[in-house]
Structure formats: structure tokens, C-alpha cells
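Residue-level structural notes
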Amino acid sequence: EIKNGFGENVIGLLEGKSKKDEYIIFGAHMDHLGKAANNYVYYGADDNGSGTALIMELARVLSKHKDLKRNVLFIGFGAEEQGLIGSNYFVNYPTVSKEKIAMLFNFDMVGVGDGSIGISGVETLRKYWEEFYNTLSSEDKSKIRTGRTGIGGTDHTGFKLGGIPALSSASNGMHKFYHVPDDTYDYVDPKVFHSVGGIVEKFALFIINYEGNIIHKHRNEKNFIDGCHTTDLNTGADI
């Protein structure tokens, strides 16, 4: 028998200096599968100790910048594996006004792979993502693979359904111990952390210090339009 219990989200705030009406969120889920009935322990080092470690390190690095424009929230979501419970709770009962949340950047499994980063959901921030991408070197661009983000899978879901732009990220390459007991700390690669984290830090500084406003007054409608496919039925190609 497994009795009901209480979960939690852990939230840290780094206050901005000038654009205090907009919040940038960096998130990752803290939980994993725990102990199975056969006593196997699912440690979850990559899934998702890695994402949790990334946002803590990002918080440490960003806290050294004394002139950040926007407020930054760092959220460790609880109970992701049980059905995105912690992130959905935050979206429904946010600790800051939902209308002031500019975006979420979520990290789930960023500790192994080939050193490149997969980022989905760029269609929800198309203008800002394209401006950021154009600032990067060819080497950094080669480390990024982008795509559209769907519904489900990880903690971006509630934000996207709530009309909040949301990016979701994982390191590219094999995650061969996904949801098995072998996902331990010695499997995680510091070089992958360094490569992925460098890209994330550059994006964080770009979006936190962006000169114009990020939140669009019609963002629900804009996100819907930006996120739609237009398809040529004669060729099957996306337009």
C-alpha cells in the first residue's frame, strides 16, 4: 500500500532592477520514481538530478550579475513523474501574477549525450529566439537543435496550455538509462553540463536583459498563430 503524501515545489527569486513587471522562469523537476516494490532504487541522476543541478548552477552564476533587468524565478517542480502535478499546481496557483510571467525554460535530462542541446517550443518565442540565435557564433549554433513542442512529457505542458511561452530542453544523444535503476551520478558527464549550460547561460542573459517588453498583450492568440502549421496539401510540405 502506498499512502497519499504531500509534494512540494521549491522556488527561488532573483529580483530584477528595472523591468519588474516581467518574470523569467527556469525550471526542472526534482522527483524521480523512487523505490520499486522489488526494492530497486530509481536514483534519477540524469532524470532529473541533472536539470535540477543546472538551474541551481544557473542561479549561482546569474546572482553575480547585479544589473539584471527582469525578475528571475528558479523552480524545482515536484511530482513530475506522477503526472506533472507540481508544475500544473504552480500554473494554477502561481506565487506571482500569471500575467507577469514572460516565459518558462524547462530542463529535463541534460546530463548525458553528445554535448549539444535540443530545445523545443521556439515557436512560442519566435521573434526573441531568432534574435538570440543570430547573436551566436557558428560553433554555438552547431550545438543547438530546435523543434516544436507538444503537450505532455514534462513540465512545460501546463505553461503552454496556460498561454505562457515555454521552452523545453534535453541534451541530445543517448539517454540509455532512462527510467531504470542504472541512472546514477557516475553516468552523468560534466562535459555535457558545461556545453549545455554555456548555451543556457547566454540565452538567460539575453532574455533577462532584453530591451523591449516580452509579454505581448494578445499573447494567447499570438502563441496560437505562431504555433500553427500551414500545410500545402499538394506537396505535404509545411509552409
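Since the structure is predicted, the reported quantities are computational estimates derived from the model, not experimental observations.

This paragraph deals with the overall build of the protein chain. Of the regular secondary structure elements, the protein chain holds seven helices and eleven strands. Computed over the C-alpha atoms, the radius of gyration of the protein chain is 18 Å, within 12% of the 18 Å expected from 2.2 N^0.38 for a compact globule of 239 residues. Expressed along its principal axes, the backbone C-alpha trace of the protein chain runs to roughly 55 × 45 × 35 Å. Across the 239 residues that make up the protein chain, the buried fraction comes to 47%. Taking contacts inside the protein chain between residues at least 6 apart in sequence as the whole, the part at least 24 apart equals 82%. Element-wise, carbon and sulfur atoms account for 53% of the exposed surface of the protein chain, whose accessible area totals about 12,700 Å². In the protein chain, the 25 positive side-chain charges and the 31 negative ones have mean positions that sit 7 Å from each other.

Right, let's get into the side chain of Thr-52. Inspection of the secondary structure puts Thr-52 in helix α1 (residues 45-62). According to the relative accessible area criterion, Thr-52 is buried, its value standing at 15%. Within the local environment of Thr-52, its side chain forms a polar contact with the backbone oxygen of His-29, the two atoms lying 3.2 Å apart. Excluding its chain neighbours within four sequence positions, the residues that come into contact with Thr-52 are Ala-28, His-29 and Met-30.

Attention now moves to the nonpolar core. Ranked by size, the top nonpolar core spans 37 residues in total, and within it Phe-26, Leu-62, Ile-207 and Ile-208 carry the most contacts. Ranked by residue count, the leading element in this core is helix α6 (residues 190-208), at nine residues. In this structure Phe-26 touches Ile-55, Leu-58, Leu-62, Val-72, Leu-73, Phe-74, Ile-75, Phe-105, Phe-107, Ala-204 and Ile-208, once residues within four positions along its chain are discounted.

Before going further, it helps to examine α6. Here α6 is 19 residues long and its end C-alpha atoms lie 26 Å apart, about the 27 Å a rise of 1.5 Å per residue gives. Taken together, the buried positions of α6 are occupied by Val-192, Ser-195, Val-196, Ile-199, Val-200, Phe-203, Ala-204, Phe-206, Ile-207 and Ile-208. Capping of α6 at its N-terminal end is provided by Asp-189; its side-chain oxygen lies 2.9 Å from the backbone amide nitrogen of Lys-191.

Attention now goes to the confidence of the model for the protein chain. Chain-level statistics for the protein chain give a pLDDT mean of 91 and a share of 90% at 70 or above. Low pLDDT, under 50, characterises residues 229-233; the predicted model gives this stretch eleven contacts beyond four residues in sequence or across chains.

What follows covers unusual backbone geometry. Leaving glycine aside, a negative phi is the common case for residues, and trans is the common case for peptide bonds. The omega angle of the peptide bond from Asp-47 to Asn-48 is 10 degrees, so this bond is cis rather than trans. The phi dihedral of Asn-39 is positive, around 75 degrees, even though this residue is not glycine. For Asn-39, a relative accessible area of 58% puts it in the exposed group.

What counts and what doesn't
Residues numbered from 1 in each chain as written. Predicted model: local features only at pLDDT ≥ 70, side-chain atom pairs only at ≥ 80, totals over all residues. Heavy atoms only, no water. Helix = DSSP H or I, 4+ residues; strand = E, 2+ residues; numbered from the N terminus. Rg over C-alpha atoms; globule rule 2.2 N^0.38 Å. Buried < 20%, exposed > 50% of the residue type's maximum accessible area, 1.4 Å probe, protein only. Contact = heavy atoms within 4.5 Å. Areas by Shrake-Rupley, 256 points an atom, 1.4 Å probe, with all protein chains shown as cover. Lys, Arg positive; Asp, Glu negative; His and termini not counted. Charge placed at Lys NZ, Arg CZ, Asp CG, Glu CD. Polar contact = N/O pair within 3.5 Å; in protein donor to acceptor, adjacent residues only side chain to side chain. Core = buried A, V, L, I, M, F, W, Y, C linked by side-chain atoms within 4.5 Å. Expected span 1.5 Å × (residues − 1). pLDDT = per-residue confidence, 0-100.

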